[in-house]
Amino acid sequence: MRVGYADAVDAFLVDDLPELPPGPHDVVVEIGASGICHSDHSVLAGEMPFGLPLVLGHELAGTVVETGPEVTRVRVGDRVIGATKPSCGRCWWCVRSYPYLCSECLPLWDTPRYSLDGGRSAALFCGLGSFAERNTLHELSVVPVRTDLPFEQLAILGCAVNTGAGAVFNTARVRPGDEIGVIGLGGVGMAIVQAAAVAGAARIVAVDPVPAKRSLALELGATDTLDSAPGPELVETVREMTGGRGVDISFEAVGRIDTITTAYRMARRAGTVVTVGAPDSGSKLDLGGWEAVSSAKKLTGSLAGDALGDRDLPMLVRLAETGRIDLERMVTGRIGLSADAILKAFDDHDGIRTVITP
Ligand code: APR
Ligand code: ZN
Ligand code: ZN
């Protein structure tokens, strides 16, 4: 069975590995589609603190084809979406409404699964490892969904849409009439734009250097787009658009320090700044100490949309089915499961999401 994994920093291969029999709480999923997210590339580039080798891919949609003897969440034949942040429902974090910080599920991210040469083993990125024909996952990592939407659309719900929409609905709780700014219009940013429109934002200022992404954002709900490089000029323009104040809520969906700083300055006083993108784990934020206090702004991270998969993924499916969010236009490329094609997709800066289909 073909599986794509990062063997070391900057070394990615798709190899034949033996299929793993399910443990008591495991399910085997035949992967219908896998999205390619910026974070997969960040792991391969050594910018995220995860041990290698690691099977990449975490936007998973597919069909359950086998279950371990103690599995209760799903049955053979169920269509599922992968939950990047599974939760047990019982730990200290889960019972305090932080399911995305579940401590019981943390080991799912680094459980060794595949044996490789030299006695090494590979875990599954986010417990999913969707760059594969099939994979064997813990049952908590999948959410069953009843829908006829195509797998390629369900796949991107798993990270891009869940992360972006969750930042809007769960982290920032955008309200009708809010004025918001979004920096970065990739899969995550485009989901922020669409979710903010669903939530009733009155102004959605969308920022990206790529003209085609700005045009699509306008079609998907943005009210204004800007191309300026990050920095004071962009902040000034956004302030002028918002009565000299700045936006109520700004979202950073690039994963860079300069754009986080810009998002911070783009928010009005007492506004909220949501960092969604994942910058290099070694990088540092440089904000003025007095500015942090006197601006009365709230700076908050949003981790994979601060989501609860069992609640949010079916909800997002319904929003897609009723046409409130457009997933079709977010899938801009389709490739097979090959190392060359995946590496090329990492380098595609014009599309929104490339999806691997069998
Ligand atoms: N200002 C604004 N936008 C920028 C800038 C910049 N200086 N530099 C790049 N961008 C845009 C790109 O043109 C692209 O549209 O940011 C977008 C990033 O999109 P993707 O690479 O598709 O990334 P995505 O998968 O959406 O993830 C965004 O969220 O989950 C995290 O790790 C992920 O940090 C990444 C972020
Ligand atoms: Zn992702
Ligand atoms: Zn838990």
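One structure accompanies this document, and this report is about it.

What counts, and where the lines are drawn
- Residues numbered from 1 in each chain as written.
- Chains lettered and ligands numbered in written order.
- Predicted model: local features only at pLDDT ≥ 70, side-chain atom pairs only at ≥ 80, totals over all residues.
- Heavy atoms only, no water.
- Helix = DSSP H or I, 4+ residues; strand = E, 2+ residues; numbered from the N terminus.
- Rg over C-alpha atoms; globule rule 2.2 N^0.38 Å.
- Buried < 20%, exposed > 50% of the residue type's maximum accessible area, 1.4 Å probe, protein only.
- Contact = heavy atoms within 4.5 Å.
- Areas by Shrake-Rupley, 256 points an atom, 1.4 Å probe, with all protein chains shown as cover.
- Donors = N, O, S within 2.8 Å, 3.2 Å for Na, K, Ca; no water.
- Tetrahedral: all angles 85-135°; square planar, octahedral: opposite > 155°, others 65-115°.
- Pairing = 2+ DSSP bridges.
- Axes fitted to C-alpha atoms, helices over the stretch in contact; angles between N-to-C directions.
- Core = buried A, V, L, I, M, F, W, Y, C linked by side-chain atoms within 4.5 Å.
- Near = heavy atom within 4 Å.
- Polar contact = N/O pair within 3.5 Å; in protein donor to acceptor, adjacent residues only side chain to side chain.
- Nonpolar A, V, L, I, M, F, W, Y, C, P; charged D, E, K, R; others polar.
- Domains from an automatic or database assignment.
- Right-handed = clockwise from strand over helix to strand, strands pointing away.
- Parallel < 35°, antiparallel > 145°, perpendicular 65-115°, else oblique.

To continue, consider the overall build of the chain. Summing up its helical and strand segments, the chain has 9 helices and 18 strands in all. For 358 residues, the compact-globule estimate of 2.2 N^0.38 gives 21 Å, and the chain sits close to it at 20 Å. Looking at the chain as a whole, 55% of its 358 residues qualify as buried. In the chain, the proportion of contacts linking residues at least 24 apart, taken out of those at least 6 apart, comes to 68%. Carbon and sulfur atoms form 50% of the exposed surface of the chain, whose accessible area is close to 15000 Å².

Right, let's get into the coordination of the zinc ion (ligand 3). On the protein side, the zinc ion (ligand 3) has Cys88 (SG), Cys91 (SG), Cys94 (SG) and Cys102 (SG) as donor atoms, found 2.3 to 2.4 Å from it. Geometry at the zinc ion (ligand 3) is tetrahedral, judged from its 4 donor atoms and the angles of 104 to 116 degrees they form at the metal. Motif for the zinc ion (ligand 3), donor spacing along one chain: C-x2-C-x2-C-x7-C. Here the residue Cys88 occupies a position in the loop between β6 (79–82) and β7 (114–115), and Cys102 occupies one in the loop between β6 and β7, the gap between them amounting to 14 residues.

When a metal carries six donors in an octahedron, the ideal angles between them are 90 or 180 degrees, while four donors in a tetrahedron ideally lie at 109.5 degrees. Coordination of the zinc ion (ligand 2) by the protein is provided by Cys37 (SG), His58 (NE2) and Cys159 (SG), with metal-donor distances spanning 2.0 to 2.3 Å. Expressed as a motif, the donor residue spacing for the zinc ion (ligand 2) is C-x20-H-x100-C. Of this pair, His58 sits in the loop between β4 (54–55) and β5 (59–67) while Cys159 sits in helix α2 (residues 151–172), placing them 101 residues apart in sequence. No difference in accessibility class separates His58 from Cys159, as the two residues are buried.

With that settled, the discussion passes to the sheet that holds strand β16 (residues 298–301). Spatial ordering of the open sheet is given by β13-β12-β11-β14-β15-β16, a layout of 6 strands whose pairing is parallel. At either end of the open sheet lies a strand with only one pairing partner, and these are β13 (224–226) and β16. In this sheet, neighbouring strand axes are inclined to one another by 15 degrees on average, regardless of whether the strands run parallel or antiparallel. Along the sheet face, helix α6 (residues 257–266) touches β11 (179–183), β12 (203–207), β14 (247–252), β15 (267–275) and β16 and points at about 150 degrees away from the line of β15.

This part takes up the nonpolar core. Counting residues in hydrophobic clusters, the biggest one holds 51 residues, and the most contacted among them are Val161, Val174, Ile180, Ile192 and Phe251. Among the elements of the structure, α2, β11, α3 (187–199), β12, α4 (211–219), β14 and α8 (309–321) are those that each provide at least two residues to this core. Considering every element that reaches this core, the biggest residue donor is α2, with 9 residues. Filtering out sequence-adjacent residues up to four positions away, Ile192 remains in contact with Gly164, Val168, Ile180, Val182, Phe251, Ala253 and Val276. In this structure, Val71, Val74, Tyr114 and Ala339 belong to the second largest nonpolar core, which totals 42 residues.

For the rest of this paragraph, the subject is the site of ligand 1. What surrounds ligand 1 is a group of 22 residues, the closest being Ser39, Val188, Asp208, Lys213 and Ala278. Between Gly187 and ligand 1, the recorded distance is 3.1 Å, taken from a backbone N or O atom to an oxygen atom. At a separation of 2.6 Å, an oxygen atom of ligand 1 approaches a polar side-chain atom of Asp208. For ligand 1, whose free accessible area comes to 730 Å², the fraction covered by protein is 86%. Going through the elements one at a time, α1 (38–44) and α3 are the ones with two or more residues in the shell around ligand 1. When its residues are assigned to classes, the shell around ligand 1 shows 11 nonpolar, 8 polar and 3 charged. Both domain 1 (2–144 + 327–356) and domain 2 (165–302) contribute no fewer than three residues apiece to the shell around ligand 1.

Let us now look at the pairing of β11. Within β11, 5 of the 5 residues are buried, which leaves it mostly tucked inside the rest of the structure. Both β11 and β12 contribute to a ladder of 5 bridges, which runs parallel. Each residue of the ladder has a partner; that of Ile180, found in β12, is Ile204. Handedness of the crossover joining β11 and β12 through α3: right-handed. Here β11 pairs with β14 via 4 bridges, running parallel.

As a packed pair, α2 and α8 sit with axes 10 Å apart at the nearest point and diverge in direction by 100 degrees. The angle between α2 and α8 falls in the class roughly perpendicular. Here α2 contributes Leu154, Leu157, Gly158, Val161, Asn162, Ala165, Phe169 and Asn170 to the contact with α8, which in turn contributes Arg311, Asp312, Leu313, Met315, Leu316, Val317 and Leu319. For the contact of α2 with α8, the residue count by class is 10 nonpolar, 3 polar and 2 charged.

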